[in-house]
Amino acid sequence: MDKSSVERQKYEALLAISRLVAKSDISEVLGEILRITIEAIDAYTGSIFLFERGTNLCRHFILQRDLSIEMSQIAVQQVLENGLAGWVMRHQTGDIIEDITTDSRWTTLPNDELSSKVRSALSVPLMFNEEVLGILTLVNEQPHHFNTNDLELAMAIGRQAGLVIHNAYLFESRQEQENRLAAILQNIGQPLLMLGPDFHVLLANHAAATLAEKPLESIQNVHLSKISPNSMWQALNEKLLALGEDLAKQQHTFELYSPDTAQDFSVNVSPVDYQGETVGYVIVFNDLTVMNDLNRLKTHMLRMASHDLKNPLNIAVGYVSLMQSELAEGQPIDPLWMDELLKSLIRMNHLIEELLDEERIERESRFRSADIDILELLDEVISEMKELAARKQQVLVQHFRDEYPPLQGDRSQLRQAMINYISNAIKYTPPKGQIDIEAYVEDRRFHFVVTDNGIGIPKAMQDQIFQPGYRAERDEISQIKGSGVGLSLVAEICRRHHGHVWFESEEGRGSRFGFWVPLHQPRE
C-alpha cells in the first residue's frame, strides 16, 4: 500500500472514531472502536480491556468472538498478568508480536480454538492525558502480518479512542449525578423547582407537582406562568419579572398566597451561577399556612378576650362590689344580684368554650380524612339539637334522603359545622318558629342547608357575616348570647374541606344558610 493510501486509511479511521464522541453508551463505543480498527488494519479479530478510572481493574472486556463468561474472566486475569496487554499497560506504549511462537508475552488460553490459529498480534494503550484507560489488541492468522505503519495507526486510534472514552465517562458521570440529584429532589418534602433563565421548568419534584395539582411529567419544560391555572403561579412569575436584573444577583425571599388552596407560602429564589453566568434559578416553597393560622388565631383570641369577655367580667365585678358594700353595712344581699353574677360567669364560660372550639379547628390544619356515613352523622346532629329547639318550642323539619354515598372528610369538623348552623338558626328564630334542615348530594358534592323564619339580617350587615368575631350590633339581638365565632368556624371548616359557604337573608323574614363540600377530598 502506497503512502497516500496509508494516510487516507489513517484519516478515515480517525474520523470515524471521532464521530463516536457524541455517543454515551460505553459498551457501544468500545464495540465501534474495535470494529473500525480491525477493518482499518486488516486484522482477523481483536479485543479491548477497559479499566475502572484510576485502577488496573478491568471494567469491560469486548471481544469480536464468542467466549464464555468463565473464559472471559480467565482471559482478563492471565493476559493482564503475563500477556502482551499487561506489558502495554505497564509500559504505556504499543508493540507488535511478529510471531507468537517466539515471544513469551503471548498467552495461550486453554481450550481456546482461536489461540491455535493466531500467529501475530498488535496491542496499544487507549490513553487520555497520560492515563491508560484501556488496552486494544488485534490478532491475525499469519505471522509478520502487522508492520510499523499499522502500529502507528493503532497508536493514533488509541489516542483518539481515549478522548472518546473519556467523554463517554463524563457523560456517564453526569448522568449518575443527575440521577442522584433527581432522587434527592424527589425526597425533599418542600415543593422545589429549577428554572432555566427563561423561567421554563428544568427540574421539579413530586411535592411541586402536587402543589400544582398536575402530574410531574406535565410540568417539565413548561413556562412558570403556565404550570397551573392557580393564580399563585402567575403571581410568582410577575414577582420574578419585577425583580429584573436584581433576580440574578442575590437570593430573594418573599410570601405568596394561593387562593385556590388557601395556603400561605414563603418562597425562596436562588440564582444558579456557572462560570460567572446565571444559568437558572432554584425555587423552594415553605408552607406557612399553619403558622399564619396560629398568628390569626392569636390575634382573634386576644380580641375576643379583650372585647367579648370584658362586658360580663365588668358586670361580675360590679355585682361583687355591690355585695361587698352591702355586707360592710350589715345589709342582706339581694338574691337578684347573685342571679346576675351567675349569669355573667356562665356567659364568660360560654365564650371560653367557643374560643377553645375555634382553637381546636385552627390547630387541626391537616384534618383527619375518612369515609363518613352521612345519615348516621345527620341523625347524631339532629338528636343533639332537638333539646335546644324544644326549649323555645321550635320545630326542626328534616328533609333527608333515604340513603347517601359515602362522604370523605373530618367527621368531627363537619359535625361542628352542622351544629353551628342549626344552633345559630335556633338562636335567632323566635319561640314556636320553624327550622328546615336539608341535606342532599348533587354534582358529586354534599350540600347542607338550614332555613329559618327568624329575624333575618339587614343588607348593610351581610358582607361581614362570616368574618371571625363579627356580630351585628342590633337592638333586637342585644339579649341573644353570641360571640360571632360560630359562622366563621363553619367557613374555616369548609375551606379546609375544599368547599364553600353561602347564605340568603331578608330582614324580618328569616335566613337560609348553606354549605357544600366535595364527596371526595383532592389529594394533598
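Model, not experiment: these values are computed from the prediction.

(A) Structural view of the overall build of the protein chain. What the protein chain contains, in helices and strands, is 14 helices and 17 strands. Here the protein chain holds 524 residues, and the buried ones make up 46% of them. Partitioning the contacts of the protein chain with sequence separation of at least 6, the portion at a separation of at least 24 is 60%.

(B) The sheet that holds strand β15 (residues 445-452), seen in detail. Here we have five strands laid out as an open sheet, ordered β12-β14-β15-β17-β16, and mixed in their pairing. Two strands bound the open sheet, and with one partner strand each, they are β12 (395-399) and β16 (500-506). Within the sheet, the average angular offset between the axes of one strand and its neighbour, ignoring direction, is 15 degrees. When β15 meets strand β17 (residues 510-518), the two strands line up antiparallel, connected through seven bridges.

(C) How the structure looks around unusual backbone geometry. Unlike most non-glycine residues, D42 shows phi in positive territory, near 60 degrees. Considering the arrangement of structural elements, one finds D42 in the loop between α2 (26-41) and β1 (45-51). Phi at R444 takes a positive value of approximately 60 degrees, unusual for a residue other than glycine.

(D) Examining the sheet that holds strand β10 (residues 277-287) more closely. The five strands lie next to each other as β7-β6-β10-β9-β8, forming an open sheet whose pairing is antiparallel. Two strands in the sheet have a free side with no partner beyond their single neighbour: β7 (201-204) and β8 (252-258). Direction aside, neighbouring strands of the sheet carry axes that sit 25 degrees apart on average. As defined by bridge partners, β8 adjoins strand β9 (residues 263-274) across seven bridges and the pair is classed as antiparallel. Across the sheet, S258 pairs through a bridge with Q263, a residue of β9.

(E) Geometry of helix α8 (residues 231-243). Spanning 13 residues, α8 covers 19 Å between terminal C-alpha atoms, matching the ideal 18 Å at 1.5 Å per step. Restricting attention to buried positions, one finds in α8 the residues M232, W233, L236, N237, L240 and L243. Buried residues along α8 cover an arc of 140 degrees about the axis, so they all sit on one side. Among the exposed residues of α8, those oriented more than 90 degrees off its buried face are E238, L241 and A242. Summarising the contacts, the buried residues of α8 are in contact with β6 (192-195), α6 (206-212), β8, β9 and β10. Positive phi shows up at G244, right after α8, with a value of about 60 degrees.

(F) Fine view of the packing of aromatic side chains. Within this structure, the stated rule accounts for seven aromatic pairs. When the ring of F199 is compared with that of Y281, the centres are 5.9 Å apart and the planes differ by 70 degrees; the resulting orientation is edge-to-face. Residue F199 is found in the loop between β6 and β7, and its partner Y281 is found in strand β10; the two are separated by 82 residues along the sequence. By relative accessible area, which is 8% here, Y281 ends up buried. Where Y421 meets F513, the ring centres are 5.6 Å apart and the plane angle is 55 degrees; that geometry is what we call tilted. Separated by 92 residues along the polypeptide, Y421 in helix α13 (residues 411-428) and F513 in strand β17 bring together distant segments of the chain. On the accessibility criterion, Y421 (2% relative accessible area) is buried. A residue is classified by how much of its surface remains accessible, and F513, at 7% relative accessible area, is buried. Three or more aromatic residues joined by ring pairs form one cluster here, namely Y421, F448, F503, F513 and F515. When the ring centre of W87 is taken as origin, the NZ or CZ atom of R105, which lies over that ring, is 4.7 Å away.

(G) A look at the packing of α13 against helix α14 (residues 486-496). At a minimum axis distance of 9 Å, the contact between α13 and α14 shows a crossing angle of 145 degrees. Crossing geometry of α13 relative to α14 is assigned as left-handed. Taken together, the residues of α14 that come into contact with α13 (itself represented by Q413, L414, Q416, A417, N420, Y421 and N424) are G486, L487, L489, V490 and I493. Grouping the constituent residues of the contact of α13 with α14 by class yields seven nonpolar, five polar and no charged.

(H) Layout of the packing of helix α12 (residues 374-391) against α13. Contact geometry for α12 and α13: axes closest at 10 Å, N-to-C directions at 30 degrees. Two packed elements cross with a definite hand, and for α12 against α13 that hand is right-handed. Residue-level inspection shows E376, L377, L378, E380, V381, I382, E384, M385, L388 and A389 of α12 in contact with α13, the latter providing R411, L414, R415, M418, I419, I422, S423 and I426. Its residues assigned to classes, the contact of α12 with α13 comprises twelve nonpolar, one polar and five charged.

Reading guide: rules and limits
- Residues numbered from 1 in each chain as written.
- Predicted model: local features only at pLDDT ≥ 70, side-chain atom pairs only at ≥ 80, totals over all residues.
- Heavy atoms only, no water.
- Helix = DSSP H or I, 4+ residues; strand = E, 2+ residues; numbered from the N terminus.
- Buried < 20%, exposed > 50% of the residue type's maximum accessible area, 1.4 Å probe, protein only.
- Contact = heavy atoms within 4.5 Å.
- Pairing = 2+ DSSP bridges.
- Axes fitted to C-alpha atoms, helices over the stretch in contact; angles between N-to-C directions.
- Expected span 1.5 Å × (residues − 1).
- Arc of directions from axis to C-beta.
- Phe/Tyr/Trp six-rings, centres within 6.5 Å; stacked < 30°, edge-to-face > 60°.
- Lys NZ or Arg CZ within 6 Å of the ring centre and 35° of its normal.
- Left-handed = near helix turned anticlockwise from the far one by under 90°.
- Nonpolar A, V, L, I, M, F, W, Y, C, P; charged D, E, K, R; others polar.

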